[in-house]
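# Examining the three-dimensional arrangement
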Amino acid sequence: MSIAVIANLAIFVAILLFLFKQQRKASTLSRQVLLGLILGSTFGLVIHLFYGETNPIIKHTLEWVNVVGSSYVGLLKMVIMPLVLVSMIAAVVKLENSGSLGKISALTIGILLFTTMIAALIGIVVTQTFGLSTAGLSEGVRETARISVLENRLGSVADLTIPQMLVSFIPTNPFADLTGARSTSIIAVVIFGILVGIAARRVMLEKQELEAPIRTFIEAAQSVVMRLVKMIIALTPYGIAALMAKVVATSSLSDILNLLGFIVASYIAIFLMFIVHGLLVSLVGVSPAQYFKRIWPVLTFAFTSRSSAATIPLNVEAQITKLNVPPAIANLSATFGATIGQNGCAGIYPAMLAVMVAPTMGIDPMEISFIVSLVAIIAISSFGIAGVGGGATFAALIVLPAMGLPVTIAALLISIEPLIDMARTALNVSGAMTAGTITSRLLGDKKEINKAFKLSPKQVTN
């Protein structure tokens, strides 16, 4: 290990120690996350400018910095399945009216699909407004290699029909799904948890002497898992600092400048969709400013980790404690939102690519028939999109061939993919939390729920 790498790591350790001291001062999590975001980004920018993007010193430094970031993401992934399983069982057992489960699921999925369709329309309009096209997109070594990978992946999804995708949601082997063996494992675990919860309710009705032990066991299991989640969430500032340092240090300025138009258009589309989320929650009596203030730490982690699935624990915890969403709705919206109706990856991104590449096939992207078909296919194909980095590419591999369009455009944007994927993931998570918030307000006691959003600024839980 060179002296330069040791010096870089010493600075990074100093940043972590500073964050630890701030945490000991009992500052709010949102402030700690903001501090980690700023310090991590600054550290990444400094070593990027000082050494240059191709210097091996940066690579060796980030190998150690990544230990913190990857470990944090790994811990969150570790708790996803236990959290989903235990929370869904507990939510079903605690439901006063078991019949409301179907309403919750249907309404949540409906909102997710509705917002995804809006996101697709925004992607179409923004792309056309900016006049984006495939002209000027270069094909280098990385792009050529990516095209080969996409062609191989295309073969694996070409024959995947909607009925087959729905069948894949069934937990034929729940133990395998608990390991995350499939892209639809999260939904499978949700279904398994719901079925176990329903079975537990029936046992409680048939054998009343078992009701108390079952409730006690489930309550204990849920308390332990939630305590584990809170322990991991306490590490968020350190994980954010490490993840942002890696993102900034490895970004290529030349690639960003070459594709600046697409980057700007993508972020504008994503920003507009965030506004839509704010408008939607305002329709059910929730202040958009308070809403985004409370979910900001969750969005920050989603932005840096690029993983909707890894954000599930923070998503659920924030909905329950910050937004006053019932556990059943919070768990369903967070888990469904990680694989169904992702506004950024399954909505905006494939819509933008389709509009860009359509003219090369002699298609007018502004024809009503094309727009209606594209939005419909995007909504349908949004089922089962993997909630990890690369989900947007998977969505493109389904949507573009279905519209008779080539998929090579996705490979030509590989150099800026991480930069845009961060914002797309944050939008995905916001969409899931928006669905949970709206569902809880439509089905719950609005007077009691809205009290949480009429607190003074000092009383707001940070």
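What counts as what
Residues numbered from 1 in each chain as written. Predicted model: local features only at pLDDT ≥ 70, side-chain atom pairs only at ≥ 80, totals over all residues. Heavy atoms only, no water. Helix = DSSP H or I, 4+ residues; strand = E, 2+ residues; numbered from the N terminus. Buried < 20%, exposed > 50% of the residue type's maximum accessible area, 1.4 Å probe, protein only. Areas by Shrake-Rupley, 256 points an atom, 1.4 Å probe, with all protein chains shown as cover. Core = buried A, V, L, I, M, F, W, Y, C linked by side-chain atoms within 4.5 Å. Expected span 1.5 Å × (residues − 1). Arc of directions from axis to C-beta. Contact = heavy atoms within 4.5 Å. Salt bridge = Lys/Arg side-chain N within 4 Å of Asp/Glu carboxyl O. Phe/Tyr/Trp six-rings, centres within 6.5 Å; stacked < 30°, edge-to-face > 60°. Lys NZ or Arg CZ within 6 Å of the ring centre and 35° of its normal. pLDDT = per-residue confidence, 0-100. Polar contact = N/O pair within 3.5 Å; in protein donor to acceptor, adjacent residues only side chain to side chain. Axes fitted to C-alpha atoms, helices over the stretch in contact; angles between N-to-C directions. Left-handed = near helix turned anticlockwise from the far one by under 90°. Nonpolar A, V, L, I, M, F, W, Y, C, P; charged D, E, K, R; others polar. Parallel < 35°, antiparallel > 145°, perpendicular 65-115°, else oblique. Patch = residues over 30% accessible without salt bridge, like charges linked within 9 Å, V, L, I, M, F, W, Y side chains within 5 Å.

## Some details on the overall build of the protein
When helices and strands are tallied, the protein shows 21 helices and zero strands. Looking at the protein residue by residue over its 462 residues, the buried ones come to 53%. Roughly 19,900 Å² of accessible area belongs to the protein as shown, and the carbon and sulfur atoms make up 67% of that amount.

## Looking at the nonpolar core
Taken as a class, soluble globular proteins show a tendency for nonpolar side chains to be buried jointly. Counting 120 residues, the largest nonpolar core has Phe262, Phe301, Leu374 and Leu400 as its most contacted members. Ranked by the residues each element gives to this core, the list is headed by helix H3 (residues 56-94), at 16 residues. Listed in part, the 18 residues of the second largest apolar core include Val5, Tyr51, Ile57 and Ala242.

## Notes on helix H1 (residues 3-24)
The terminal C-alpha atoms of H1 lie 31 Å apart, and with 22 residues this matches the ideal 32 Å at 1.5 Å per residue to within 8%. Within H1, the full set of buried residues consists of Val5, Asn8, Leu9, Phe12, Ile15, Leu16, Leu19 and Gln22. The arc that holds every buried residue of H1, seen down its axis, measures 135°, which confines them to one face. Exposed residues pointing more than 90 degrees away from the buried face of H1 are listed as Ile3, Lys21 and Arg24. Structurally, H1 contributes buried residues whose contacts are with helix H2 (29-51), H3 and helix H10 (236-249). Positive phi shows up at Ala26, right after H1, with a value of about 65°.

## Considering the environment of Pro313
Considering the arrangement of structural elements, one finds Pro313 in helix H14 (residues 312-321). Residues Pro313 and Met81 lie 232 residues apart in sequence; the distance between their C-alpha atoms is 9.5 Å. Setting aside chain neighbours within four positions, we find Pro313 in contact with Leu76, Val79, Ile80, Leu83, Val229 and Ile233.

## Some points on the pattern of salt bridges
Under the counting rule described, the total for this entry stands at two salt bridges. Across the pair Arg215 and Glu211 runs a salt bridge, and its minimum N-O distance is 3.3 Å. Of this pair, Arg215 and Glu211 both sit in helix H9 (residues 211-233), four residues apart, which is roughly one turn of the helix. Judged by its relative accessible area of 30%, Glu211 falls in the partly exposed class.

## Quick notes on the packing of aromatic side chains
Summed over the entire model, instances satisfying the criterion amount to five aromatic pairs. Consider the rings of Phe12 and Phe43, whose centres lie 5.6 Å apart with planes at 45°: the pair is tilted. Taken together, the positions of Phe12 in helix H1 and Phe43 in helix H2 put the pair 31 residues apart, joining distant regions of the chain. Like Phe12, the residue Phe43 is buried in the burial classification. Linked through ring pairs, Phe274, Tyr291 and Phe292 together constitute an aromatic cluster. One residue, Arg424, lies across the ring of Tyr349, its end atom 4.3 Å from the ring centre.

## Thoughts on unusual backbone geometry
You will see that Asn324, though not glycine, has its phi angle at about 60°, which is positive. Asn324 gets classed as partly exposed once you look at its relative accessible area, which sits at 34%.

## Thoughts on the confidence of the model for the protein
Per-residue confidence for the protein averages 82 on the pLDDT scale, and 84% of its residues sit at or above 70. Mean pLDDT per element in the protein: helix H21 (residues 446-450) is the minimum at 44, and helix H12 (residues 260-282) is the maximum at 93. Contacts for the low-pLDDT stretch residues 140-145, under 50 throughout, to residues beyond four places or in other chains number nine contacts.

## A look at the side chain of Asn428
Of note, Asn428 is situated in helix H20 (residues 417-443). Take Asn428: its relative accessible area is 2%, and that puts it in the buried class. Of note is the side chain of Asn428, whose polar atom sits 3.3 Å from the side chain of Gln342. For Asn428, the contacting residues outside a window of four places in its chain are Ser308, Gln342, Asn343, Gly344 and Cys345.

## Observations concerning the packing of H3 against H10
For the pair H3 and H10, interaxial distance at closest approach is 8 Å and the crossing angle is 145°. Two packed elements cross with a definite hand, and for H3 against H10 that hand is left-handed. From H3, Ile58, Leu62, Val65, Asn66, Val68, Gly69, Tyr72 and Val73 reach across to H10, where they touch Thr236, Tyr238, Gly239, Ala242, Leu243, Ala245, Lys246 and Ala249. In terms of residue class, the contact of H3 with H10 is built from 11 nonpolar, four polar and one charged.

## Considering the packing of H2 against H10
Interaxial distance between H2 and H10 falls to 7 Å at its minimum, and their mutual angle equals 30°. Classified by the angle their axes make, H2 and H10 are roughly parallel. Note on packing geometry: the crossing formed by H2 with H10 is right-handed. Taking contact as the criterion, the partners of Leu29, Gln32, Val33, Gly36, Leu37, Gly40, Ser41, Phe43, Gly44, Leu45, Ile47 and His48 in H2 are, on H10, Thr236, Pro237, Ile240, Ala241, Met244, Ala245, Val248 and Ala249. Tallied by class, the residues present in the contact of H2 with H10 amount to 13 nonpolar, seven polar and no charged.

## Some remarks on a nonpolar patch on the surface
A grouping of Phe130, Leu260, Val264, Ile268, Phe271, Leu272, Ile275 and Leu279 is seen on the molecular surface, where their side chains present a nonpolar patch of about 660 Å² in accessible area. The element best represented in the nonpolar patch is H12, accounting for seven residues. Along the chain, Val264 turns up in helix H12. On the basis of relative accessibility, which here comes to 34%, the residue Val264 falls in the partly exposed class.

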